[in-house]
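Examination of the molecular architecture
Listed below are the residues making up each chain.
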Amino acid sequence: MFRGHKSRQKVLSALKNKDLQVALSRAANHHFQKFKATQAQINWPQLKEKAQRIREKNLNQLPELIRQFTSEATQSGAHIYWAEDADQANKIIEEIIKQKQAKLIVKSKSMVTEEIGLNDYLQKKGLTVIETDLGEWLIQLAGDRPSHLTAPALHLTKEKMAELLEKKFQVDIPPKPENLVRFARQQLRPIFYQAEIGISGANLAVAETGSLVILSNEGNARLVTSLPSVHIALITIEKFVATLEEAMTLVKALVVPSSGNKITTYVSFITGPSRTTDIEKQVVFGAHGPQEVHIVILDNGRSSALENEQLKKALSCLKCGGCLLVCPVFQQVGGHVYGGPVYPGGIGTILTTITHSPKEAKLGVNLCADCKRCEDFCPVNIPTGDLLVSIKNQLPPSGAEFFLSRLFRHFSLLKIGASLGSRVPKFLRKIPSSLFAQNRWLKNKKIPLPSPSTKFPLPQEPSKPTVLLFQGCLIRFFFPSIAQAASEVLAYFNWEVISPPHQACCGAPSLHLGRKEDFLALAKKNIALISDFQPDVIITLCPTGNSFLKKKYPEFFPEFKPWAERVRDFSDFLASFDPPFPIDQDKQKVFYHYSCHFLYDLGLKEKPLELLKKWRYDPILENEPYTCCGFAGAFSLRNPELSTQLWNKKKTKLEASNLHLVATDCPGCIWQFQSYLNNENDNYQVFHTAELIAKSLTTNILNKENTVSDQKINL
Ligand code: SF4
Ligand code: SF4
């Protein structure tokens, strides 16, 4: 429906690839545990903020920084070159190698050399290029390409790696990490000594000293940059920092999400060629390290990206790769399915847009669930999800996307669409999706029968403070009991609740479908409505709606800012009110599911737990990392199989809790839970937190059972 056949096949084959699934799950698990342990020992939010500030400042000073670096590095004896694009960079490097009449080149891991296709280029010229990072070496042997920014062979299990080496070298190697590492060391050691040229990238370049900063754990980067007599470094323009002090902050910020350590084993600052002044204090180059250092500075689309307010944010990226392994989508499909030729994952899709074209990034854009997890983990707070949405809006929408977005724009059409969708006869759902593409989605998704929206009277007592209840489409069509419950609780606390019937969709679906025009039209309607009613507080029951009203509307309509400050999520708002007396008895256990937007976008981790505890519930969380349920609006329409796989992981965690009562703060997640749990015929009850609070209010305080919604899943 939304994606080309080839792209879909790529995703499906990744989902079915058992080895890939094992490799990804092992890596994600190890990565998360290490990251969490280190994060707990440092002031991570403070480090992130500092690193973000440094990156933003440096990006605004790049021409001066590059000038200063060039002057300092030249004084230290390095040779500096400027390459506009990949072709120029390849030619410059080839020329340096030619002048040295070298034949054997060793390389340390560098995504920029992948970006310019350096290995292929040099090999076509008859040169031998050997990768020395263990993962890179393995995938070079396999004729493969990296699937992760810092862990290139992440898609291979240790068993597959051992198989590969056995085949290539006719040896028997047990699939244990230690054995694999020892074997690689034995193979590569003599090559380091024979190589005439060492090629590296660099993590940073320091303007005040003309130094390259190179991080590594294996130690291969040190050998590549020390043993051969010539070192060539390829560095891109966004990597320049002003001072050594700034560089160290960025090094710390980069290492934590990358490897889960506080620092890498090796942090090299390379300032020109090796030298000695031991003989009468005269400078002689090429003591034990290289005699020559050549630094190629590459632009390749980055200067243009700096002119673009959105893309510029992505240039802060430190290429730590931390965001990839926490991305629920990457965790299922790995790095090879993203459309671009080099850079994997969400941030990789943006880098592909910068260095190649938005068209090549299309598949990656459509794979993003905009869950905001990556932003939470990013050491420099790059809003990857947001940037992908903005790239999506530069691409022409498909017919289906256009049509759906128009539905959201017109409430009455949407109502008809929802009503028809909920009545899709059973026999249609059984038609193979090869004949009826919509069945890829409909197969697992039960569309509830639309219920009549809750009618809210217009304000009666103007003296009371007013709450405007912004319901959102899902609640208005399918779950009006949630709005009803929320209004009863708010009314109990003496708020005048209004919820105008002509409120429009928040516009999130349209923006995610690539239809900014529709989003803007919807936002305008809601802004006019809110300005008319002048509420004291605007309460949302859906985290995406909250985020749009609070953050997106003021971004496009700055005059909405004062109103945006009044937007509160229901659970966040209610958590500050206490029940009239403590309800301590009979606490009921409830499995609490964090919606991604609620947790990572609104950052409201504690509020729903606080609220539920006050009102007779004992919220139980799944073990970290919290999983996505797979709904994510337009994402599940585009990627139904991926959505199902994500759900299956959530279901495993739900089952492990042995709880059958579920609470969450997102109507989209409620739909996802109800669709799948309903299909599987289990005795689960899924509620919005507002419904549970209303229920507790009625049972424990108002003592009038059954007056609030007691919506059960139809079994
Ligand atoms: S927003 Fe979520 S789905 Fe999109 S790239 Fe980031 S982590 Fe992945
Ligand atoms: S976007 Fe952030 S987390 Fe992802 S690679 Fe770049 S710096 Fe690291």
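Calculation rules
Residues numbered from 1 in each chain as written. Chains lettered and ligands numbered in written order. Predicted model: local features only at pLDDT ≥ 70, side-chain atom pairs only at ≥ 80, totals over all residues. Heavy atoms only, no water. Helix = DSSP H or I, 4+ residues; strand = E, 2+ residues; numbered from the N terminus. Expected span 1.5 Å × (residues − 1). Bend = angle between axes of the 7 residues up to and from the residue. Buried < 20%, exposed > 50% of the residue type's maximum accessible area, 1.4 Å probe, protein only. Contact = heavy atoms within 4.5 Å. Phe/Tyr/Trp six-rings, centres within 6.5 Å; stacked < 30°, edge-to-face > 60°. Lys NZ or Arg CZ within 6 Å of the ring centre and 35° of its normal. Near = heavy atom within 4 Å. Nonpolar A, V, L, I, M, F, W, Y, C, P; charged D, E, K, R; others polar. Pairing = 2+ DSSP bridges. Patch = residues over 30% accessible without salt bridge, like charges linked within 9 Å, V, L, I, M, F, W, Y side chains within 5 Å. Areas by Shrake-Rupley, 256 points an atom, 1.4 Å probe, with all protein chains shown as cover. Salt bridge = Lys/Arg side-chain N within 4 Å of Asp/Glu carboxyl O. Core = buried A, V, L, I, M, F, W, Y, C linked by side-chain atoms within 4.5 Å. Domains from an automatic or database assignment. Buried area = accessible area lost by both parts, 1.4 Å probe. Axes fitted to C-alpha atoms, helices over the stretch in contact; angles between N-to-C directions. pLDDT = per-residue confidence, 0-100.

Look at helix 10 (residues 177-194): 27 Å from first C-alpha to last across 18 residues, which is about the 26 Å you get at 1.5 Å a residue. At Leu188, helix 10 shows its largest bend, some 30°, and a proline, Pro190, comes one to four positions later. Residues of helix 10 that are buried include every one of Leu180, Phe183, Ala184, Leu188, Ile191 and Phe192, and no others. Buried residues along helix 10 sit against strand 2 (104-107), strand 3 (128-131), helix 8 (134-142), helix 9 (158-169) and helix 11 (220-226).

For the rest of this paragraph, the subject is the packing of aromatic side chains. Scanning the entire structure with this criterion turns up 24 aromatic pairs. Aromatic pair Phe519 and Phe548: ring centres 5.7 Å apart, planes at 80°, arrangement edge-to-face. Of this pair, Phe519 sits in helix 28 (residues 516-533) while Phe548 sits in helix 29 (residues 543-556), and the two are 29 residues apart along the sequence. Residue Phe548 is classed as buried on the basis of its relative accessible area of 4%. Using a relative accessible area of 0% as the deciding quantity, one classes Phe519 as buried. Aromatic ring contacts, followed pair by pair, group Tyr492, Phe493, Trp495, Phe573, Phe577 and Trp615 into a single cluster. Over the ring of Tyr617 we find Arg616, and its NZ or CZ is 5.4 Å from the ring centre.

As a structural note, the neighbourhood of ligand 2 is formed by Leu149, Cys317, Leu318, Lys319, Cys320, Gly321, Cys323, Ile347, Cys378, Pro379, Val380 and Ile382. Residues of the shell around ligand 2, tallied by class, amount to 10 nonpolar, 1 polar and 1 charged.

Reading across the sheet, the 4 strands line up as 8-5-6-9 and stay open at both edges, with mixed pairing between neighbours. Each edge of the open sheet is held by one strand with a lone partner, namely strand 8 (240-241) and strand 9 (266-270). Where strand 6 (residues 211-216) meets strand 9, 5 bridges bridge the pair, whose relative direction is antiparallel. The residue of strand 9 that forms the bridge with Ser216 is Tyr266.

It is worth spelling out the site of ligand 1 at this point. Taken together, the residues surrounding ligand 1 are Cys327, Pro328, Val329, Gly346, Cys368, Ala369, Asp370, Cys371, Lys372, Arg373, Cys374 and Gly385. Along the lines of polarity and charge, the residues of the shell around ligand 1 split into 7 nonpolar, 2 polar and 3 charged.

To continue, consider a nonpolar patch on the surface. Nonpolar side chains collect at one region of the surface, where Leu413, Ile416 and Leu420 lie side by side and expose about 300 Å² of accessible area between them. By secondary structure assignment, the location of Leu413 is in helix 22 (residues 411-422).

To continue, consider the nonpolar core. In terms of nonpolar packing, the biggest core is built from 166 residues, with Ile347, Leu490 and Phe570 touching the most fellow members. Top element by residues in this core is helix 12 (residues 244-259). It accounts for 7 residues.

On to the domain arrangement of the protein chain. Taken domain by domain, the protein chain holds domain 1 (5-298) and domain 2 (579-702). Relative placement of domain 1 and domain 2: their C-alpha centres are 43 Å apart. Summed over both partners, the interface of domain 1 with domain 2 buries about 610 Å², with 57% contributed by carbon and sulfur atoms. Among the residues domain 1 hides against domain 2, the three largest losses belong to Val11, Leu15 and Phe32. Together they make up 58% of the total.

Across the sheet, 4 strands lie side by side as 14-13-15-16; this open sheet has parallel pairing. Of all the strands in the sheet, just strand 14 (496-498) and strand 16 (567-569) have a single pairing partner and so form its edges. With strand direction ignored, the average angle separating the axes of adjacent strands in the sheet is 35°. Direction of pairing for strand 13 (residues 466-470) relative to strand 15 (residues 537-540): parallel, over a ladder of 4 bridges. Counterpart to Phe470 in the pairing with strand 15 is Thr540. With respect to the sheet, helix 26 (residues 480-492) is in contact with strand 13, strand 14 and strand 15, its orientation differing from that of strand 13 by roughly 165°. Its contacts with the sheet put helix 28 on strand 13, strand 14 and strand 15, and the angle it makes with strand 13 is roughly 165°.

This next bit is on the confidence of the model for the protein chain. Averaged over the protein chain, the pLDDT score is 91; the fraction of residues at 70 or greater is 90%. Within the model, pLDDT remains below 50 along residues 704-715, and this stretch shows 29 contacts once partners closer than five positions in the same chain are excluded.

Attention now moves to the pattern of salt bridges. For the coordinates displayed, the defined rule picks out 32 salt bridges. A salt bridge links Glu115 to Arg302, with the nearest nitrogen and oxygen atoms 2.6 Å apart. Of this pair, Glu115 sits in helix 6 (residues 111-115) while Arg302 sits in helix 13 (residues 302-306), placing them 187 residues apart in sequence. Of the two residues, Glu115 and Arg302, both sit in the buried class. A salt bridge links Lys653 to Glu622; the shortest N-O distance between them is 3.4 Å. Highlighted residues: Lys653 in helix 35 (residues 640-657) and Glu622 in the loop between strand 18 (615-620) and helix 34 (634-638), separated in sequence by 31 residues.

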